Structure formats: structure tokens, C-alpha cells
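Structural description and commentary
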Amino acid sequence: MGLVVQKYGGSSVADAEGIKRVAKRIVEAKKNGHQVVAVVSAMGDTTDELIDLAEQVSPIPAGRELDMLLTAGERISMALLAMAIKNLGHNAQSFTGSQAGVITDSVHNKARIIDVTPGRIRDSLDVGNIAIVAGFQGVSQDTKDITTLGRGGSDTTAVALAAALDAEVCEIYTDVDGVFTADPRVVKKAKKIDWISFEDMLELAASGSKVLLHRCVEYARRYNIPIHVRSSFSGLQGTWVSSEPIGDQQVEQAIISGVAHDTSEAKITVVGVPDKPGEAASIFRTIADAEVNIDMVVQNVSAAATGLTDISFTLPKTEGRKAIDALEKNKSGIGFDSLRYDDQIGKISLVGAGMKTNPGVTADFFTALSEAGVNIELISTSEIRISVVTRADDVPEAVRAVHTAFGLDSDSDEAVVYGGTGR
Ligand code: ADP
Ligand code: ASP
Ligand code: MG
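Residues numbered from 1 in each chain as written. Chains lettered and ligands numbered in written order. Predicted model: local features only at pLDDT ≥ 70, side-chain atom pairs only at ≥ 80, totals over all residues. Heavy atoms only, no water.

**Observations regarding the site of ligand 1**
The immediate surroundings of ligand 1 are formed by 18 residues, with Thr174, Asp175, Phe180, Asp183 and Arg185 found nearest. Contact distances for ligand 1 include 3.0 Å between an oxygen atom and a side-chain N or O atom of Lys7. Lys210 is positioned with one of its side-chain polar atoms (N or O) 3.2 Å from an oxygen atom of ligand 1. Here ligand 1, which alone exposes 570 Å², has 90% of that area covered by the protein. Of the residues that constitute the shell around ligand 1, the class distribution is seven nonpolar, six polar and five charged. (Near = heavy atom within 4 Å. Polar contact = N/O pair within 3.5 Å; in protein donor to acceptor, adjacent residues only side chain to side chain. Areas by Shrake-Rupley, 256 points an atom, 1.4 Å probe, with all protein chains shown as cover. Nonpolar A, V, L, I, M, F, W, Y, C, P; charged D, E, K, R; others polar.)

**Focus on the pattern of salt bridges**
Taken as a whole, this structure holds 17 salt bridges when the rule is applied. Residues Lys322 and Glu319 are paired through a salt bridge, measuring 3.9 Å at the closest nitrogen-oxygen approach. A salt bridge links Asp342 to Arg391, with the nearest nitrogen and oxygen atoms 2.6 Å apart. With Asp342 in strand β17 (residues 338–342) and Arg391 in strand β20 (residues 385–391), the pair connects residues that are 49 residues apart, well separated along the chain. A cluster of three or more residues bridged by salt bridges with shared partners is formed by Lys267, Asp342, Glu377 and Arg391. (Salt bridge = Lys/Arg side-chain N within 4 Å of Asp/Glu carboxyl O. Helix = DSSP H or I, 4+ residues; strand = E, 2+ residues; numbered from the N terminus.)

**Some words on the site of ligand 2**
Taken together, the residues surrounding ligand 2 are Ser41, Ala42, Thr47, Glu74, Phe136, Arg151, Gly152, Gly153 and Ser154. With respect to ligand 2, the backbone of Gly152 contributes an N or O atom lying 2.8 Å from an oxygen atom. Burial of ligand 2 by the surrounding chains reaches 86%, relative to a free accessible area of 260 Å². In terms of residue class, the shell around ligand 2 is made up of two nonpolar, five polar and two charged.

**Digging into the environment of Asp48**
Mapping Asp48 onto the fold places it in helix α2 (residues 46–57). Separated by 304 residues in sequence, Asp48 and Gly352 place their C-alpha atoms 32 Å apart. Ignoring sequence-local partners within four residues, the contact set of Asp48 consists of Arg151 and Arg423. (Contact = heavy atoms within 4.5 Å.)

**Description of the pairing of strand β7 (residues 137–140)**
Bridging between strand β4 (residues 102–104) and β7 involves two bridges; their strand directions are parallel. In the sheet register, Ile103 faces β7, and the bridge partner there is Val139. The turn linking β7 back onto strand β8 (residues 146–148) is made up of five residues, and Lys144 within it adopts a positive phi angle of 65°. (Pairing = 2+ DSSP bridges.)

**A short note on the nonpolar core**
Among the nonpolar cores identified, the biggest contains 44 residues, and Val5, Val37, Ile121, Met201, Leu212 and Ile227 are the most heavily contacted of them. When residues in this core are grouped by element, the largest group, six residues, is from helix α5 (residues 154–164). Once you skip the residues sitting within four places of it in the chain, Leu212 turns out to touch Asp155, Ile172, Met201, Ala205, Val217, Ile227, Val229 and Val241. Grouped together as the second largest cluster of nonpolar side chains are 26 residues, Ala23, Val40, Ile130 and Ala134 included. (Core = buried A, V, L, I, M, F, W, Y, C linked by side-chain atoms within 4.5 Å. Buried < 20%, exposed > 50% of the residue type's maximum accessible area, 1.4 Å probe, protein only.)

**Section: the UniProt feature "binding site: ATP" (unreviewed entry) in the protein chain**
Feature annotation in UniProt places "binding site: ATP" (unreviewed entry) on Lys7, Tyr8, Gly9, Gly10, Thr174, Asp175, Arg185, Lys210 and Val211, given in this structure's numbering. Checked against the element boundaries, Lys7 lands in strand β1 (residues 3–8). Lys7 gets classed as buried once you look at its relative accessible area, which sits at 8%. Separated by 2.7 Å, the side chains of Lys7 and Asp155 make a polar contact. Within the structure, Arg185 has its side chain in polar contact with the side chain of Asp175 (distance 2.9 Å). (UniProt positions renumbered as here; feature names shortened; annotations may be inferred.)

Rendered as C-alpha cells:
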């Protein structure tokens, strides 16, 4: 029996009852002979509530202070969970990210883990304790300031600790029974996936399936840590994410793994850009210097009469203000007429390694969207993914239409969502 890292998301520890339920589950794993490290998220929607509070005192809160504030959410959960476990007669110690040795760069609100030195966790496990770690946080190597890893970052904490401690598995406990062929909140007929490769899971995560964070899957692939995504509310087997199917799993790689959607992005259009070399470079240099990540890019056909063109790109809504400010500041340097900001967009992506060898997938995808009456604004593709941007309102209908068109609907059990507000 080896070491397991278990991560419990916000909906699993939303209230005292939830914390007690999770404590029992952890003790169960310990009784089965495992050494257990449990990574916890903030209770319920605490992180969102803290962000709302910060924005009430300052429209653009200082990154360092926001991190100080947000890490409090996970610290509440870790202490309560350790108390609940002790109440069951087992020894537990809680640790902040910094105490657990999660070392990051110094980019506030979306820091990257650069090293994990879990000496204190190891010592605690060695004397028989259950170690509880606050997710989503670390400490900057350079500034020694407290950092956070970006929304959903507790997933990354769990996998990073699993890698550093050489765990046999990283279990991600959440409010659904695993990874489904689409978000169960949108598609009631979504099917649970028994096994999915790191590659397909990476694309689903990058396309908005927030059940696992992209960085967490990247980390797991790099260190070859199998992830088991499952519900903390049921005893069911969940979804295994790994390089190859594990044990007796007789699972074939599906042609299409699933449909993902994302309504967290906005679109900026830079209107009236001179159609000459270097323009796109200076726009995206400006955006990069502001440390804003972009997703899709499209340049429209140049209006020959004017010699001007428009360039549109998508980015997280949370970065919208920063990007607009940076572009406005550099307006004369870049040379454009105006900026348009649109946050009523949504992205729908079809993901599957089988796409590489199955012609017609793209055609079927667009046919399904057109039959659902959905207008497409941007398109991007990779070897194993097709994504489109549409109006945000069209997203649920479009996801269901594509899910049905690719034969992904289940004919039996409806997908269950056990908790959480989906916020
Ligand atoms: P946690 O708080 O446990 O981290 P999240 O809310 O971050 O939970 O992630 C779980 C949610 O992810 C589910 O409630 C579900 O709505 C959403 N989700 C999106 N896409 C998928 C998918 N393909 N399979 C399962 N869940 C998905
Ligand atoms: N509490 C943080 C969030 O809501 C981190 C996490 O839950 O993973 O984003
Ligand atoms: Mg999450």
C-alpha cells in the first residue's frame, strides 16, 4: 500500500457536513493502509465571494493582496478538515502551500509551480499523520510573497505533490462521477468516460472542461502520474486519466472523446489596422508585455479600398481590462482606429485523437451546428480538436446538438451532478 494524494474540490467541503463526510473518506483510505495527503479547496463558493468582496473595495485589486486574501479560503478548509479527522480519532496536521514546499514564480494570481520540496509533509506522514494541504497556493522563490495558482489551481497542487512524493495515484474528488463526454450540467445524456489519455484530457481541459485544470494534466503527463477523477458523494469508480489504460481496463481510444464548452472568454477586435508587415507583431507584443494570454486569433480579409484590416482575438474575460488598457496606451505606436470588446461569446470544441484519421469529422461538426441554427464567428483547429466561437446564448444548444450528432448520448443513466453551484 503506497501513498495516495486526494484532492477535494470546493463543493465536496462546502459545509460542516461535507467536511465530516470527506474526513471519513480520508480515514477510510488510511485504515486501508495508505499514507494519505489530502489537498483541499476553499469551501463552496468562498473564492468567488472573496473576489467579489475585494472588488467592492477596489475595482482592480492589487495582485499581491488578492493572493493574501484568496489563500485564506483554503486555509479555513484545511484547518477544519484536520479537526474533523482528529475528532474521528486519527492524527492529522494541516499545512499551507508554503509550509508544504510549493515554490512558485512571482506572477500573482496565476503563478506557476517551479519546485516542490515537501520535507515537512514527508516527516508528518512518517510519524503516522494524515497530511492536509491547502490547495491553490504557494510561495514565490524570489519575493517570498504568497502566490495563487489561478482558478481551479488546487488540482495542480495535488498533482505536483503526488509527483514530488512519488504517489501511486492522484485522486481528484469532485461533484460529478468522473470526466463525461460533455459537461453533465449542460448535457443530461453525457456518458462517463472510463479511461482517457493525457492528450485528449489536455485538449478537453484547455477547451474549458473545468473538471480538471489544464496545468494539472500537463504536470501529470510530464511526471506520468495517473489521475483518478471521481465523486466524493458516491462510491463509484470514476475516470482514469493516464498514458495507457491501467490494469484490466479494456478500453479502446474513442474517435471522439467529448465536447467541451467555455463561456469564460471575451473577444477583442482591433479595428482599422494598416495592412502591412509588423502590425500583428506589435499588437501581440503589447498584449504579451501585459502578461495576458490569448487563445484564438483571426484577421479578416483586407479591405482593399482602404488598405486596412481588422484583427480579432479571444482571451479570458478576467484579462479583458488589462488588454484594452495596454492596447489603448500603445494606440499611436501600433496604429489602429478603435477597439471593440465583446464578452457575450462562447466556445464549443470537439476533441478526439481519432479525428486525425477520420475524414469528415469537421464536416459533421459544422453540419450539426448549422442544423441547430448556430452562427459561427471564429474557427480554430489542432490535430485532435476543432473549436468554434459563437454567441454565448447559443452554447448549450450547440453542445447538445454536437453531442447527439457524434453518437455520444447515453441511452441509460442520466449524468448526476451531486453538488456545487457551477459558479
Ligand atoms: P471542484 O470544485 O471539485 O474542483 P469544479 O467545479 O472545478 O469542481 O469541476 C467540476 C465541474 O466540472 C462539474 O460540476 C461539471 O459541471 C464541470 N464539467 C465541465 N466539463 C465536464 C466534463 N466533461 N465532465 C465532467 N464535469 C465537467
Ligand atoms: N478555490 C480556488 C478556486 O475556486 C482553487 C480551487 O478550487 O481549485 O478557484
Ligand atoms: Mg476545479
